[in-house]
Amino acid sequence: QPISRIEIARASGLNKSTVSSIVAGLIDEDLIYEEVDANQNVGRNPINLFLKLGTHFIGAINIDSPISRLAIFDLDGSLKESAAIETHVEKAELFIKRCVKELFKLRDRLRLAHLEGIGVSVAGIVDPIKATVNGIPRLRTSSPPAMLMGKLKTKTWTWGTARPSKAMSTLMSN
């Protein structure tokens, strides 16, 4: 941070009008804000874009063996709160409910009204054609995690490959 629309267009290869359209949507969603850089001596002052930190948070659940990890991150990826719980082989629905309950305890500890979404990383059986997780052997279930998480009143994303699970574990152990 900061970054201008021109820098985004150069880095992404998108045209300026596409970048402006995307940026307008992010501003409307209150995820970023603009600020004029008044330090320029010549020419037009660039308008820099900043993430609106401290207002939008994402929850994360990494289901792994023997420990599952829970965390809350700000928009810039900074870790705000985390916890670890033992992964018990019990009914998958009960374990996932426990994970969500513990994640909401972290949310409450931070005095947040809500989470923008929850990312779930789980080592599971992946359907490579549909790109979905079809089961979680460690929890002895064949139910897709999305179905188990479906009762949450927030956006939920699920990953089922080893790589995101490893990345999440690495990030949260630091």
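A few points on the structure. (Residues numbered from 1 in each chain as written. Predicted model: local features only at pLDDT ≥ 70, side-chain atom pairs only at ≥ 80, totals over all residues. Heavy atoms only, no water.)

1. Some points on the layout of surface pockets
So, point 1. Empty space within the largest pocket amounts to approximately 280 Å³.
So, point 2. Forming the boundary of the largest pocket are 14 residues, of which Ser4, Arg5, Ile6, Pro46 and Ile47 lie nearest the centre.
So, point 3. At the level of secondary structure, the elements contributing two or more residues to the lining of the largest pocket comprise α1 (5–12), α2 (16–28) and β3 (47–51).
So, point 4. Residue contributions to the lining of the largest pocket peak at 4 residues, all from α1.
So, point 5. Tallied by class, residues from the lining of the largest pocket come to 4 nonpolar, 4 polar and 6 charged. (1 Å grid on protein atoms, 1.4 Å probe; cavity = no way out; pocket = protein on both sides within 12 Å on 5 of 7 lines; lining within 4 Å. Points joined across faces, edges and corners; volume = space filled by probe spheres on them. Helix = DSSP H or I, 4+ residues; strand = E, 2+ residues; numbered from the N terminus. Nonpolar A, V, L, I, M, F, W, Y, C, P; charged D, E, K, R; others polar.)

2. Notes on the pattern of salt bridges
So, point 1. Enumeration over the complete set of coordinates arrives at 5 salt bridges.
So, point 2. Between Arg109 and Glu81 there is a salt bridge whose closest N-O contact spans 2.9 Å. Of this pair, Arg109 sits in helix α3 (residues 92–109) while Glu81 sits in strand β6 (residues 79–86), placing them 28 residues apart in sequence.
So, point 3. Accessibility expressed as a relative area gives 52% for Arg109, which makes it exposed.
So, point 4. Here Glu102 and Lys105 are joined by a salt bridge, their closest N and O atoms 3.3 Å apart. (Salt bridge = Lys/Arg side-chain N within 4 Å of Asp/Glu carboxyl O. Buried < 20%, exposed > 50% of the residue type's maximum accessible area, 1.4 Å probe, protein only.)

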